[in-house]
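Descriptive structure summary
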Amino acid sequence: MYTALVIGAVLALVFGTRAVLWLSKLIWPPRPEEEKIHRGVEEARKRFDRFRY
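Residues numbered from 1 in each chain as written. Predicted model: local features only at pLDDT ≥ 70, side-chain atom pairs only at ≥ 80, totals over all residues. Heavy atoms only, no water.

Concerning the overall build of the protein
Regarding its fold elements, the protein presents two helices and zero strands. Projected onto its principal axes, the C-alpha positions of the protein cover 45 × 35 × 10 Å. For the protein, with 53 residues in total, the buried portion stands at 0%. Accessible area for the protein stands at about 5400 Å²; split by element, carbon and sulfur atoms hold 70% of it. Computed over 10 positive and 6 negative side-chain charges, the separation of the two mean positions in the protein equals 4 Å. (Helix = DSSP H or I, 4+ residues; strand = E, 2+ residues; numbered from the N terminus. Buried < 20%, exposed > 50% of the residue type's maximum accessible area, 1.4 Å probe, protein only. Areas by Shrake-Rupley, 256 points an atom, 1.4 Å probe, with all protein chains shown as cover. Lys, Arg positive; Asp, Glu negative; His and termini not counted. Charge placed at Lys NZ, Arg CZ, Asp CG, Glu CD.)

See below:
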């Protein structure tokens, strides 16, 4: 029973965090500078993945 409680708490924490981040992004959209940074990180990740394989 304790194991199910711990697993449920972890799942609630994970999904709750994702929901809060999603809602905050809807309420306060990222500024263009922040969006540019995230795009740069994604491009670097794709280049690294291509290089790794």
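Now that the structure has been shown, we can carry on.
Overview of the pattern of salt bridges
In total, this model carries three salt bridges according to the counting rule given. Note that Arg31 and Glu33 form a salt bridge whose closest N and O atoms lie 3.5 Å from each other. Of the charged contacts, one joins Glu42 and Arg45 as a salt bridge, the two residues approaching to 2.7 Å between their closest N and O atoms. Taken together, the residues Glu42 and Arg45, both in helix α2 (residues 32-52) and three residues apart, mark about one turn of the helix. Residue class for Arg45 comes out partly exposed when judged on its relative accessible area of 44%. Several salt bridges share partner residues, and in doing so they unite Arg31, Glu33 and Glu34 into one network. (Salt bridge = Lys/Arg side-chain N within 4 Å of Asp/Glu carboxyl O.)

Some details on a nonpolar patch on the surface
A surface patch of nonpolar side chains, about 820 Å² in accessible area, is lined by Tyr2, Leu5, Val6, Ile7, Val10, Leu11, Val14 and Phe15. By the element assignment, Val10 lies in helix α1 (residues 2-27). (Patch = residues over 30% accessible without salt bridge, like charges linked within 9 Å, V, L, I, M, F, W, Y side chains within 5 Å.)

Some points on α1
The first and last C-alpha atoms of α1 sit 37 Å apart over 26 residues, in line with the 38 Å expected at 1.5 Å per residue. Little of α1 is tucked away, with zero of its 26 residues classed as buried. (Expected span 1.5 Å × (residues − 1).)

Considerations on the environment of Val14
Here Val14 lies in helix α1. On the basis of relative accessible area, Val14 is assigned to the partly exposed category, the value being 41%. Along the primary structure Val14 and Lys46 are separated by 32 residues, whereas in three dimensions their C-alpha atoms are 25 Å apart.

Structural measurements only, silent on function.
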